[in-house]
Every structure is written in structure tokens, then in C-alpha cells.
Amino acid sequence: MRDDLTAPVVAAHPVGMRASGFQPRFIGVLGLVSFVGIIAAIEVLARSGTIGPLSFPAPSAIGQALYQLAISEQLAKHLGASLSRLAVGWSAGVTAGIIAGIAIGTWTGARSIGLPWVAAISSIPKIALLPMFIIWFGIGEGSKIATIAFGTFFPTVVNTYGGVDDVSRTLIRMGQSFGLSKWAILRKIVFPGALPAILSAFRISATVGIILLVAAEMVSAEYGIGAYVLQQQSLFQLDRLMAGVVVLMILGLMIYGLIALLERWLLRWR
Amino acid sequence: MQLQLRDIGHAYGALPVLDGVSMTVEAGEILGIIGPSGCGKSTLLAIAGGLLKPSRGSVSTTGVPPAGCLNALTYVFQDFALLPWRTVEGNVRLGLEPHGLSAADMRGRVELVLAQTKLGDFRAAFPRQLSGGMRQRVGIARALAVRPAVLLMDEPLSALDAQTRLLLMDEFATLFATSNTTVIYVTHNLSEAARLCHRVIALSRRPGRVKEIVGIGEADDISLVEALLWSIIRDEAAAADRELIDAR
Ligand SMILES: Nc1ncnc2c1ncn2[C@@H]1O[C@H](COP(=O)(O)OP(=O)(O)O)[C@@H](O)[C@H]1O
Ligand SMILES: [Mg+2]
């Protein structure tokens, strides 16, 4: 072994580092710049006449229309109608979905009967059932709420039972070994263990719910964001039409934000 | 309280795992179970604790559990089995919750075991914030809180690194000596068995049978005991190593 470490060695080659992996980062400013940039570009194109007013309205016109919509009582009426349908339909679908998902995840009977049905019905585009629901529940609120409830039920079931399946069997055996009742195990181990999956189901089902809401409102409704967008289309009011779309966008963002807050609070143990 | 296993046999489907194992655990005894991996140690412990119905044989207890015992046969798990969404204190409380204790009794038990396991400063921490050693201390605290008649420990140190294992082994030795608990201690680590146990049952390779029972005296040289255990288990381990883990 060489002990004279300071003596010159034949041509040393430094070892290059080559395993930094992929490290994507999120740079907020860049996102904002692209957002503002694209809106500004559309504005310029619209004002210069490159994009005709019958193709796409200028962002400033959309903003103006949005402002007018907001200060008239129209927004409150349309948004109120939409939100109440969404709230009722979504809560019903998600509550039933969580219960069914936990049943499928914990009970052989529910699993054997439920899984084939879930698989078969999941693939139906739920809006196709709206005509049926209109016959059953009438053209009013009932059919819209039923469509939303039905559509949000299935993704919730699938996510929930997947979450229950992923709860460690050891934890359940642990609960049993301490003499916890079945109900206590469901409440203290299975449900909290499946909660991350349930919360991610909230996100999926909120998206599904908004899609079905707007579609159902376009089929038949006096008030509702979907109805508003359709009315503006028939009047060729593209700026107002887009204002309605922007309202939906903001609604979606707010729901995502709320769910993120809920996750941060309920899953703070992660 | 005394725990007896009589002629226990078990098969998972067509795979025989235990064949005619009998043993008695005396009150206050630390009984070790060693054997090559896959020989049915965990299965035997699950049967002893009433978590698994054996294909044949019976498990019974005689005598009365100690005062304040809420769960006579209580497990400590290899991978800790802590609820990640509960704090240290919440995890310790879990086993007490089904019993409708008074708030004072509950607090008294929790404080006592947190002190015994040196977890007092960590009561509000979540499992993910703890080292492996600390997590297993929580597992021990949760088990001690119900004042078990028999503590069933399934390789409680196997998920820990070597230094932490030595550290906890010392703590176990003190805890066992001071708290006068009865323990079935399953391990594949012969120095744990030699150091902690009063008596060690060596199982053969699968299907597990009692191969030999070794008593360990206070004065015995631990490294000699370890060497003796190795000489008993060695051929079984070598043969087990050359079998399919899963014959399906
Ligand atoms: N639930 C189970 N179903 C089928 N086979 C199992 C089950 N649990 C354990 N086994 C098999 O039984 C044998 C003994 O398992 P186990 O009692 O865990 O052994 P040990 O704890 O001694 O390593 C192993 O071969 C294992 O693969
Ligand atoms: Mg094992």
C-alpha cells in the first residue's frame, strides 16, 4: 500500500457525478408569467383583429362581461342554482359511495355482489342516464341531482374500497388482538386508513359532478351556469358565454383548494 | 396465570406448518421460541393469542390474570403496528378504549407506561416522526398499558438496526425483571433468546415440532448458551434454507 499520499500520481481523472436523477421543481412565478402572457397575447390578437370577435372574445371583454354578470343579480341566481344542485347531488353520491366502498372493502357479501355491478356501471357515461332520470324524477331538480349523485357515487366507491384494501392487515389484526369490536375497528382503523383515498375521491368526484351538472343544466334548466352558457351561445354573446366558463373554472379551483385544505388538516399525520 | 398449548397442529391449506407442539408457559416466565424462518413461529404465537384457530389441538389458561388486566394475551408486533394517524399517546390509549375506564384510571395507566418506556417527551409525536426503536417502545407501552397476563412478542426487534436492537434488548431485560410479566418471546436471533429468556424452545424446520427445550440459569454464560442454541438449530436452519419457501 502506498503511504506517501502526497507524491504525484499518474494523471488523476476526477470522477464525474452522474446520478442526479430527474428533479422537476415548481416555480410559481413562471406559471403566473405564462398565464398572464397568454392572456395578454390573446388580447393583442383580438384587438388587432387577427382573432375575429365571432371566434373568441378579447379577455378584457370577458372580464367586462364577468363584471356585469357579477353586479347584476344574475350571477347569484345562476351560481346559487348550480351550487345547490351540486352540493345535494355530490353529498348524496359521495356519502353513499363511501358507505358502499367500505362495505365492499370489508364484507364478502357486498364485495361479491357489488364489484361486478360497479365494474359494469362505471363505464357508462352517466349523462346518458339523464333522459331516464327525467322520466323517473321529472324535468326539474330531481333528475339533475340524481344524475350528479349517480355519477359521483361510482368513482367514490372504487377509490374507497381500494383505500380499504390497502389498510394494513396487521393493523386490523392488532385491533382485534386488543379486543376492539368490529365497529371500533371500522371507525378507528379502517376509516382513517382509507381516508387518503376517500379524499382523493373527493377531487375526482367533484370534477365529475361539475361536468354532469353543466351537461344536465344544458339539457333543461332556467337557471344554472350550464343554462346561462347555453343561452349566451344562442344569443351569440361569446364574451358572456366565456364569462360563464370562467365562473366554472373559478368554481373548480375553489373546490380543489378546499379539498387541499381539508387534506392538509385531516392528513397532517403523513 | 399459566398458558398451555396442547398438541397444536396447523396447516395453511395443504401446507402443514405445525405438527404436535405442546408447551406450558408459567407465570412470570420469559419463554423463548426459536427456529428457522418459516417453521411456524408466528403461526404458533397467533394460535397462542387466540388470533388463529389451529387445525388441531387446544389452547387454555389456568389461574387468574393479574389485577387490573384488561387483555390477558397481548401482542407486540414485529413491524410495530402503530396507527400512523394517532400520536404516541393516542396509540397507547387504543387498547384501553374498549374498557370504559374512568378518565383518571386511563391517565394513570398511560402516564405509567410512558414513563416505563421513556416516551414521556414524545407523547404528542406521530409515528412517522419516530425512529424504529422509539416506535417499538410505543408498541411495548401500548401492550403494557392493558397489564397483560402474557405478553406475546413476535420478533419485536427484527425490524431494527443492530445498535438499536442492543439498546432495546437491555431495556427489555430491565422491564421484564422489574414488571414481573410473563412473556412468550419469538425470535430468530439467538443472542436475544440467550440474553432475555429463562427457557428456550427450539422448533424444527417446517412443519415445526419441539426439537429441544433449553433452560437458562442466572449464572450461565450467555455466549455459551448462544453457541448451544446454534448447535441445536444449525442443521434445521441449513435444511430449511434449501427448501422452497412456497411450494405452490
Ligand atoms: N396466512 C397464510 N397463508 C398461507 N401460508 C402462510 C400464511 N401465513 C404463513 N404461511 C406460511 O406458513 C409457514 C410458516 O409461517 P410463519 O408462522 O410466519 O413462520 P415463521 O414466523 O417461523 O417464520 C411459512 O411457510 C409461510 O409462508
Ligand atoms: Mg415470523
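In this text, all values refer to a predicted model and were calculated from it rather than measured experimentally.

Cut-offs used in this document
- Residues numbered from 1 in each chain as written.
- Chains lettered and ligands numbered in written order.
- Predicted model: local features only at pLDDT ≥ 70, side-chain atom pairs only at ≥ 80, totals over all residues.
- Heavy atoms only, no water.
- Helix = DSSP H or I, 4+ residues; strand = E, 2+ residues; numbered from the N terminus.
- Rg over C-alpha atoms; globule rule 2.2 N^0.38 Å.
- Buried < 20%, exposed > 50% of the residue type's maximum accessible area, 1.4 Å probe, protein only.
- Contact = heavy atoms within 4.5 Å.
- Areas by Shrake-Rupley, 256 points an atom, 1.4 Å probe, with all protein chains shown as cover.
- Lys, Arg positive; Asp, Glu negative; His and termini not counted.
- Charge placed at Lys NZ, Arg CZ, Asp CG, Glu CD.
- Near = heavy atom within 4 Å.
- Polar contact = N/O pair within 3.5 Å; in protein donor to acceptor, adjacent residues only side chain to side chain.
- Pairing = 2+ DSSP bridges.
- Axes fitted to C-alpha atoms, helices over the stretch in contact; angles between N-to-C directions.
- Parallel < 35°, antiparallel > 145°, perpendicular 65-115°, else oblique.
- Buried area = accessible area lost by both parts, 1.4 Å probe.
- Salt bridge = Lys/Arg side-chain N within 4 Å of Asp/Glu carboxyl O.
- Nonpolar A, V, L, I, M, F, W, Y, C, P; charged D, E, K, R; others polar.
- Patch = residues over 30% accessible without salt bridge, like charges linked within 9 Å, V, L, I, M, F, W, Y side chains within 5 Å.

Caption draft 1: Representation of the overall build of chain A in the model. A tally of regular secondary structure across chain A gives 10 helices and zero strands. Secondary structure elements in chain A, listed N-terminal to C-terminal, are α-α-α-α-α-α-α-α-α-α. Since a compact globule built from 270 residues should have a radius of gyration of about 18 Å, the 27 Å found for chain A marks it as more spread out than a globular shape. Principal-axis analysis of the C-alpha atoms gives chain A an extent of 90 × 65 × 30 Å. Looking at chain A as a whole, 38% of its 270 residues qualify as buried. Long-range contacts, defined here as pairs at least 24 residues apart, represent 73% of the contacts in chain A between residues at least 6 apart. When the accessible surface of chain A is split by element, carbon and sulfur atoms take 71% of a total near 16000 Å². When the 19 positive and 11 negative side-chain charges of chain A are each reduced to one mean point, those points stand 10 Å apart.

Caption draft 2: Looking closely at the site of ligand 1. All names here are of chain B. For ligand 1, the full set of nearby residues is Tyr12, Leu15, Val17, Ser37, Gly38, Cys39, Gly40, Lys41, Ser42, Thr43, Arg206 and Ile245. At 3.3 Å, a backbone N or O of Cys39 approaches an oxygen atom of ligand 1. The side chain of Thr43 places a nitrogen or oxygen atom 2.5 Å from an oxygen atom of ligand 1. Within the complex, the protein chains bury 63% of what would otherwise be the 560 Å² of accessible surface of ligand 1.

Caption draft 3: Geometry of the pairing of strand E5 (residues 73-76) of chain B. All names here are of chain B. Taking every second residue as pointing to the same face, both faces of E5 are buried, with Leu73 and Tyr75 on one and Thr74 and Val76 on the other. Bridge analysis of E5 against strand E6 (residues 150-154) gives four bridges, and the strand direction is parallel. Within E6, the position partnered with Thr74 by the bridge is Leu151.

Caption draft 4: Summary view of the packing of helix H2 (residues 59-71) of chain A against helix H10 (residues 238-266) of chain A. Residues and elements named next belong to chain A. Where H2 contacts H10, the two axes come as close as 8 Å, and the packing angle between them is 75 degrees. For the element pair H2 / H10, the angle class is roughly perpendicular. Contact with H2, carried on its side by Ala61, Ile62, Ala65, Leu66 and Leu69, involves Asp239, Arg240, Met242, Ala243, Val246 and Val247 of H10 and no other residues of that element.

Caption draft 5: Representation of the interface of chain A and chain B. Taken together, the contact between chain A and chain B spans 16 residues of the former and 24 residues of the latter. If you sort the residues of chain A by the area they bury against chain B, Phe178, Lys188 and Trp269 of chain A come out on top, with a joint share of 40%. The closest approach of N and O atoms between Lys188 of chain A and Glu97 of chain B, which form a salt bridge, is 2.7 Å. The tally of links between chain A and chain B comes to six residue pairs in polar contact (both at pLDDT 80 or more). Counting only elements with at least two residues in the side of chain A that touches chain B, the list comes to helix H7 (169-177) and helix H8 (182-219) of chain A. Per-element accounting of the side of chain A that touches chain B gives the leading share, six residues, to H7 of chain A. Residue composition of the side of chain A that touches chain B, by class: seven nonpolar, five polar and four charged.

Caption draft 6: Local environment of a nonpolar patch on the surface. Residues and elements named next belong to chain A. On the surface, a cluster of nonpolar side chains totalling about 700 Å² of accessible area is made up of Leu32, Phe35, Val36, Ile39, Met249, Ile250 and Met254. Elements with a minimum of two residues in the nonpolar patch: helix H1 (28-47) and H10. Tallying contributions element by element places H1 first for the nonpolar patch, with four residues. On the secondary structure map, Phe35 appears in helix H1.

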